[in-house]
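Descriptive analysis of the structure
In case you want the letters, here they are:
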There are 2 protein chains.
Amino acid sequence: MDILFKTFIDYFSTNYPLTDHTKAEICSHLSILNLDKKHILVKENQRHDFAYFVIKGAVRSYYLKDGIEVNTWFALENDMVGSLQNFQDNPSRETMELLEISTLISINLKQIKPLMFSNIQIAHFINAIIIEYALFLEDKIFFSQMMNSIDKYQILLEREPQLFQRVPLTYIASFLGISRETLSRLRAK
Amino acid sequence: MDILFKTFIDYFSTNYPLTDHTKAEICSHLSILNLDKKHILVKENQRHDFAYFVIKGAVRSYYLKDGIEVNTWFALENDMVGSLQNFQDNPSRETMELLEISTLISINLKQIKPLMFSNIQIAHFINAIIIEYALFLEDKIFFSQMMNSIDKYQILLEREPQLFQRVPLTYIASFLGISRETLSRLRAK
DNA sequence: ATGATTTTGTGACATTTGTCAAATGAAATC
DNA sequence: GATTTCATTTGACAAATGTCACAAAATCAT
């Protein structure tokens, strides 16, 4: 088994160990992708059969509101990229674009999903991913409701310092819901 | 089986039908509660073994930031009340309080959770709840990132008109992240 | 390397929102 | 039903943020 696949599978099977057979079955629906900066993984309003796991690189998600890009998140190493909209076979609400040359694992949702019903280990594996994702969402909401933008900026700086080295401030300002000028002034202090 | 339990169970087992035996097993960890206005279901920073499903009534969630209540959501009929923090046995980040005399189903998480590993139907049942919850969270984030507060107000008014009849505007303003005065002025138009 | 493009920073001003204070309206309690 | 409490509205002003314009700095592509 590819060492990168192993990283991914182990990452989500700490609570519920998988047999080698199940691991192999999961692997058969994974691929490794090496993609260039600015590559579009998922397009807004389109259905998409894959989710991704970032081995190396950075991804941003955004959607268009009145013609303006609203950035919604940035994924770095060991983060999942995708949404439950994809998993539920709904069109994506966001575009996801690489910010750097990246190495990703792609997960074929269309193929893996039906296995949930025949292999209970796979069911638990997928649940672990969904629970982690939902915890991440709860966190994101909690964070975003701390209204004061100075606080938001400082918390983001504490939690995800790498973002500020790897993601343009314009995108971060957009994510924080403030103009780039305001962010620039906050940083001046 | 109590008709109210049936409502709840059917609500989350449309994709994956349950045998009568499993339904009975789930029921044995459910109770019906009739509680008064202002009753506190869950306290901020405390662990809690239960989640709830609203049969009739209204619940608000809030946390304290610098001594001020920040309202995070309002649950009405057929909504779940709880968080993954509870499910994961972490302390709750929010207080949940009844806004009306309410009838709720309580779900004993501590008892039901281990059954996920012995009964695959229960695993799928719980997953259905978590997926619905995660979709709800995705929606909430998407909504909250539409920054303009007039838009937020109008979308909330379209989607959840009942809230404005049943929840004080002070709480709604707090949820929207604006002062009650600003909300009042938005409404004047 | 160098010119072009993108990103970031700064100033001036308009707009929005928050804050404080007070008045009105509605609802709960006795 | 009267009284108290709570919720909502309105006005005046201060503070924060957005917008526009432009300059400086960094990055990219040839």
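The structure this text deals with has already been given above.
Residues numbered from 1 in each chain as written. Chains lettered and ligands numbered in written order. Predicted model: local features only at pLDDT ≥ 70, side-chain atom pairs only at ≥ 80, totals over all residues. Heavy atoms only, no water.

**A look at the pairing of strand S3 (residues 50-56) of chain B**
A regular strand places its side chains on the two faces of the sheet in alternate fashion. All names here are of chain B. We count it as follows: Accessible area is worked out with a 1.4 Å probe on protein chains only. A residue is then buried under 20% of its type maximum, exposed over 50%, and partly exposed in between. Per the convention used, a helix needs a DSSP run of H or I reaching at least four residues, while a strand needs a run of E reaching at least two, with both numbered from the N terminus. Any two strands are treated as partners once DSSP identifies two or more bridges connecting them.
Most of S3 is tucked away, with five of its seven residues classed as buried. With six bridges connecting them, S3 and strand S8 (residues 102-108) associate as antiparallel partners. Bridge assignment links Phe 53 to a residue of S8, and that residue is Ile 105. The pairing of S3 with strand S6 (residues 80-81) spans two bridges and is antiparallel. Across the sheet, the residue bridging to Phe 53 is Met 80, located in S6.

**As for the sheet that holds strand S1 (residues 30-35) of chain A**
Residue and element names in this part refer to chain A. Stated precisely, the cut-off is as follows: Here, two residues are considered to be in contact whenever any of their heavy atoms come within 4.5 Å of each other. For helices, the fitted axis covers only the stretch in contact; all axes are lines through C-alpha atoms, and the angles between them, taken along N-to-C directions, range from 0 to 180 degrees.
Strand order in the open sheet formed by four strands is S1-S8-S3-S6, with antiparallel pairing between adjacent strands. Each edge of the open sheet carries a strand with a single partner, namely S1 and strand S6 (80-81). Of the strands in this sheet, S1, strand S3 (50-56), S6 and strand S8 (102-108) are in contact with helix H1 (residues 3-11), which crosses S1 at around 115°.

**A closer look at the nonpolar core**
Our working definition: The nonpolar core is taken to be a set of buried Ala, Val, Leu, Ile, Met, Phe, Trp, Tyr and Cys residues, with the residues joined through side-chain atoms within 4.5 Å.
Core analysis: the biggest nonpolar cluster contains 61 residues, and Phe8(A), Ile107(A), Phe125(A), Phe8(B), Ile107(B) and Phe125(B) have the highest contact counts within it. Of all the elements, helix H5 (residues 120-145) of chain B adds the most residues to this core, at 12 residues. Not counting residues within four places of it along the chain, the set of residues in contact with Ile107(A) comprises Phe8(A), His29(A), Leu30(A), Asp49(A), Phe50(A), Ala51(A), Tyr52(A), Phe53(A), Met80(A) and Ile112(A).

**Some points on the sheet that holds S8(B)**
All names here are of chain B. The sheet built from four strands is open, its strands ordered S1-S8-S3-S6 with antiparallel pairing. Each edge of the open sheet is held by one strand with a lone partner, namely strand S1 (30-35) and S6. Two elements, S1 and S8, share six bridges in a ladder whose sense is antiparallel. Of the residues in S8, the one forming a bridge with Leu 30 is Ile 107.

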